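So you can see what is in the structure, the chains are spelled out below.
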Amino acid sequence: MTRGTRQPPRPTAFLNARLIDPTSGYDGPGGLLVIDGEIADLGPDLGRSGLPADAIEINCNGHCLVPGLVDMRVQLREPGEEHKETIATASEAAAAGGITSMVTLPNSDPVLDQVAGVEFIARRARETKGTKVYCYGAVTRGLEGQHIVELGLLAENGALGFTDGTKAVASARVLRRAMSYASTFDLLILQHPEEPDLASGGVMNGGELATRLGLPGIPRDAEVMMIERDLHLVAMTGARYHVAHVSTADSVAAIRAAKARGLKVTCDTAPPYFILTEAEVGDYRTFAKLSPPLRGESDRAAIAQAVADGTIDAIASDHAPHDQESKRVPFAHAEFGIVGLETLLPLSLELVHQGRLPMIELIRRLSTRPADILRLPQGRLAKGAPADLLLFDPEAKAVIEVDRFRSKSKNSPFDGRPVKGHVLRTLVDGRTVYEAYA
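Figured I'd write up the structure that's included with this text. These numbers were taken from a predicted model, which means no experiment stands behind them.

Overview of the sheet that holds strand E13 (residues 265-269)
Note: strands within a sheet are paired through backbone hydrogen bonds, in either parallel or antiparallel orientation.
Inference 1: In space, the 4 strands of this open sheet follow the order E9-E12-E13-E14, with parallel pairing throughout. For this open sheet the edge positions go to strand E9 (188-191) and strand E14 (314-315), each flanked by a neighbour on one side alone.
Inference 2: Note: strand E12 (residues 240-243) against E13, 3 bridges, orientation parallel. Bridge pairing links Val243 to Cys267 in E13.
Inference 3: Sitting on the sheet, helix H7 (residues 221-237) is in contact with E9, E12 and E13, with an inclination near 170° to E12.

Structure (structure tokens):
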């Protein structure tokens, strides 16, 4: 062998697995062969006619082998707030959570509103060599809601969609211009659905509990009002429109009706919105301060049902890391958001264990549909597809321990919660980026 020449990685055969692929609809026993970072073969008969002589064989012991999770809403804090999170630490946390691709919001410092910012994320992701990292571009310059960015140019350089992150684009005129521009190039516009004037100053869900705690509330209507306004703009422009972290029953109803009309509308939610309620705030627990805020029981139940019936297309982590100085302050002054990369899978699995939806549909929400919305080749088990894979035991019991998180930040209301579901191995392009107990 010539000095310095790297040998190609050996083929890897995953045998005795429960293969789950939402695209083909297959959920059953089988195996999968990885060669040169791609899925070379798969199915119930894999290995019966032999495998490559140099193949590494991995016995999956009947555990689930699925497309790696695609997390379409993450805040990485780099550049600008590396003390809270970096691309490297988030990538490590994501791999431990079974996430093989994630998309960061543009609300970094500087804002991702120019090509240089998009290129920076791509370069840092290549250097990290872990979970695949993509980004959204801002809709407006500096996230200020006034002047739209060069959407086409940013898309050409890798931006998967456009959003002002944790801010809604308040001006209907500005958003209409952005949607018209986006529809010309078939680009995706994502919205944080909250009417800013109505929500201004609020820190939790508006209602009896907020009044009793003496905290300013954010009305439920602030969410659906923004969605319904935007849906009119979608009808006017024909743009592809995605609603982030849906949290109320009224929002679900509006989106369901829009889909029935044939509008190009998709949406996601995050586990807190189908697991927790505003009662989690309790005695001013800042780790339960989210944006949008946790709602009441009827909304929680509606979100769980919408995930089950497919109205909600995807489940994202909504990962928002904060340091202690940002959370261990009076509730009104605390930052919004929690970490979610390492809890996305086990928390979402609660829907399966409760009998709300079958495993194949959960994988669709966590992997296949996000990939489809973002037009990524991931999210499927098929010959020639990227070998971005997740092997996990859905029945393994565990307890969430935030002190063991790989994320730099530990702000989670789920500390100490018993769960079922354990990631055994995560692969990106056939490379193992996480292995339990390794």
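That was the structure; now back to the text.
Quick notes on the sheet that holds strand E8 (residues 132-135)
Inference 1: Pairing is parallel across the open sheet formed by 3 strands, whose spatial order is E6-E7-E8. Each edge of the sheet is formed by a strand with only one pairing partner; in this case those strands are strand E6 (69-74) and E8. The sheet shows a mean angle of 20° between the axes of neighbouring strands, taken without regard to direction.
Inference 2: For strand E7 (residues 99-104) and E8, the ladder comprises 4 bridges, and the chain directions are parallel. Looking at E8, one finds that Met102 is bridged to Val133.
Inference 3: Running at roughly 175° to E8, helix H2 (residues 115-128) makes contact with E7 and E8 of the sheet.
Inference 4: The strands touched by helix H13 (residues 359-374) are E6 and E7; relative to E6, the strand with the most contacts, the crossing angle is about 60°.

Overview of helix H4 (residues 172-185)
Inference 1: In this model H4 runs 20 Å from its N-terminal to its C-terminal C-alpha over 14 residues, within 8% of the 20 Å that 1.5 Å per residue would give.
Inference 2: Those residues of H4 that are buried lie in contact with helix H3 (151-156), E9, H7 and E12.
Inference 3: The N-terminus of H4 is capped by Ser171, whose side-chain oxygen sits 3.3 Å from the backbone nitrogen of Arg173.
Inference 4: Looking one or two residues past H4, Asp186 carries a phi angle of roughly 55°, positive in sign.

Some words on the packing of aromatic side chains
Inference 1: Tallied over the full model, the rule gives 1 aromatic pair.
Inference 2: If you follow Lys289 out to its NZ or CZ, it ends over the ring of Phe331, 5.5 Å from the centre.
Inference 3: Over the ring of Phe336 we find Lys289, and its NZ or CZ is 4.5 Å from the ring centre.

Some points on helix H12 (residues 344-353)
Inference 1: Extensive coverage of H12 is indicated by the burial of 9 of its 10 residues.
Inference 2: Among all positions in H12, only Leu344, Leu345, Pro346, Leu347, Ser348, Leu349, Glu350, Leu351 and Val352 are buried.
Inference 3: Positive phi shows up at Gly355, right after H12, with a value of about 80°.

What to know about the packing of helix H1 (residues 87-96) against H2
Inference 1: Where H1 contacts H2, the axes come no closer than 10 Å and their chain directions differ by 60°. One element, H1, and the other, H2, form an angle in the oblique class. As H1 packs across H2, the resulting crossing turns out to be right-handed. Here H1 contributes Ile87, Ala88 and Ser91 to the contact with H2, which in turn contributes Ile121, Arg124, Ala125 and Thr128.

Describing the pattern of salt bridges
Inference 1: Counted according to the given criterion, the structure contains 29 salt bridges.
Inference 2: Two residues, Glu350 and Arg417, come together in a salt bridge whose shortest N-O distance is 2.9 Å. Of the two residues, Glu350 sits in helix H12 while Arg417 sits in the loop between strand E15 (389-399) and strand E16 (418-428), which places them 67 residues apart along the sequence.
Inference 3: Residue classification places Arg417 among the partly exposed positions, given a relative accessible area of 26%.
Inference 4: Note that Glu361 and Arg365 form a salt bridge whose closest N and O atoms lie 2.8 Å from each other. Taken as a pair, Glu361 and Arg365 lie in helix H13 at a separation of 4 residues, close to a single helical turn.
Inference 5: A relative accessible area of 4% places Arg365 in the buried class.

Overview of the side chain of Ser409
Inference 1: One can find Ser409 in the loop between E15 and E16.
Inference 2: A polar contact of 2.9 Å, which involves the side chain of Ser409, links it to the backbone oxygen of Lys84.
Inference 3: If near-sequence neighbours (up to four positions away) are discounted, Ser409 is found in contact with Lys84, Pro321, His322, Asp323 and Val339.

Thresholds applied
- Residues numbered from 1 in each chain as written.
- Predicted model: local features only at pLDDT ≥ 70, side-chain atom pairs only at ≥ 80, totals over all residues.
- Heavy atoms only, no water.
- Pairing = 2+ DSSP bridges.
- Helix = DSSP H or I, 4+ residues; strand = E, 2+ residues; numbered from the N terminus.
- Contact = heavy atoms within 4.5 Å.
- Axes fitted to C-alpha atoms, helices over the stretch in contact; angles between N-to-C directions.
- Expected span 1.5 Å × (residues − 1).
- Polar contact = N/O pair within 3.5 Å; in protein donor to acceptor, adjacent residues only side chain to side chain.
- Phe/Tyr/Trp six-rings, centres within 6.5 Å; stacked < 30°, edge-to-face > 60°.
- Lys NZ or Arg CZ within 6 Å of the ring centre and 35° of its normal.
- Buried < 20%, exposed > 50% of the residue type's maximum accessible area, 1.4 Å probe, protein only.
- Parallel < 35°, antiparallel > 145°, perpendicular 65-115°, else oblique.
- Left-handed = near helix turned anticlockwise from the far one by under 90°.
- Salt bridge = Lys/Arg side-chain N within 4 Å of Asp/Glu carboxyl O.

The analysis is restricted to geometry; functional conclusions fall outside its scope.
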